[in-house]
Amino acid sequence: MAIFGSLKTVRAQTSGRNENYKTAFDYIDDCLKPGTDAHKLIHNLAAGDSDRVELGNGAFALPQAYLSKAPRETGFFESHLAYVDVQAIISGEEIVEVTDVANLKVKEDRTPAQDAIIYEMHDEASPVRLRAGEVAVLDPVDGHMPCIAIKEPALIRKIVVKIPVA
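To keep things clear, this report deals only with the structure shown in the data block. Per chain, residues are indexed from 1 in the order of the written sequence. Reporting in this predicted model follows two pLDDT cut-offs: at least 70 for local features of residues, and 80 or more for side-chain atom pairs to be given and counted; totals over whole chains, interfaces and linings ignore these cut-offs and use all residues. To obtain the side-chain values, all non-hydrogen atoms of the structure were included, while hydrogens and water were left out.

Remarks on the sheet that holds strand β1 (residues 3-6)
The pairing of strands in a sheet happens through backbone hydrogen bonds and is either parallel or antiparallel.
Point 1. Each pair of strands is called paired provided DSSP finds at least two bridges between the two strands. Helix and strand assignments follow DSSP, with helices taken as H or I runs no shorter than four residues and strands as E runs no shorter than two, numbered in order from the N terminus. Overall, antiparallel pairing links the six strands, which are arranged β1-β10-β5-β12-β3-β2 in an open sheet. Here the strands that pair on one side only, and so sit at the sheet edges, are β1 and β2 (53-56). Across the sheet, the mean angle separating the axes of adjacent strands is 20 degrees when strand polarity is ignored. The convention used is that axes are lines fitted to C-alpha atoms, helices contributing only their stretch in contact, and that angles between N-to-C directions extend from 0 to 180 degrees.

Encoded structure:
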């Protein structure tokens, strides 16, 4: 099931995984440091914009800025087969609901072209509150609905690093 917490904690919990995790966490760390190119990139994005940064070995980062979703039902559950998601909040906070994909009913299979499976709404997932500097690692078995507002929609700056499944 998903791993989440501070960047330092999640980095330690995934230390046995492949080198792409170190690369992902190093990039996220740069995004959190004022003055770095990565920090400037994420903070210069307007709401609704995103970018793509190649990290090597098939991994890439998707810096993005958006308004969190409210009500909850405007979101959707998804999972990925080819990539692990490493989602890091740079500024703002949101809820990511997580459940095992075995609990979900497929609504639309967008694999392999988009590496996304979209699911029907599910009301028994576990909410994870992510704040600035916190990270969630979401494996292919983790159905997740990110971007949910805490109370009202708010501007979120997030990095999603896609790590190829080994």
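Details of helix α2 (residues 19-32)
Point 1. Expected helix span is given by 1.5 Å per residue-to-residue step, counting one fewer step than there are residues. Look at α2: 20 Å from first C-alpha to last across 14 residues, which is about the 20 Å you get at 1.5 Å a residue.
Point 2. The classification of residues rests on relative accessible area computed with a 1.4 Å probe and restricted to protein chains. Under 20% of the type maximum is buried, over 50% is exposed, and intermediate values are partly exposed. Taken together, the buried positions of α2 are occupied by Asn 20, Tyr 21, Ala 24, Phe 25, Tyr 27, Ile 28 and Cys 31. Angular distribution of buried residues about the axis of α2 spans 160 degrees; they occupy a single face of the element.
Point 3. Here α2 starts with a cap whose side-chain oxygen sits 2.8 Å from the backbone nitrogen of Asn 20, and that cap is Asn 18. The arc in question is traced by the directions running from the helix axis to the C-beta atoms. The term polar contact refers here to a pair of N or O atoms within 3.5 Å; inside protein, the definition further demands a hydrogen-donor-capable atom paired with an acceptor-capable atom, and it admits residues adjacent in sequence only when both atoms are side-chain atoms.

As for the state of the cysteines
Point 1. Disulfide: a pair of cysteine sulfur atoms within 2.5 Å of each other. One pass over the structure, following the stated rule, counts zero disulfides.
Point 2. Of the cysteine sulfurs around Cys 147, a residue in no disulfide, the closest is that of Cys 31, at 16 Å.

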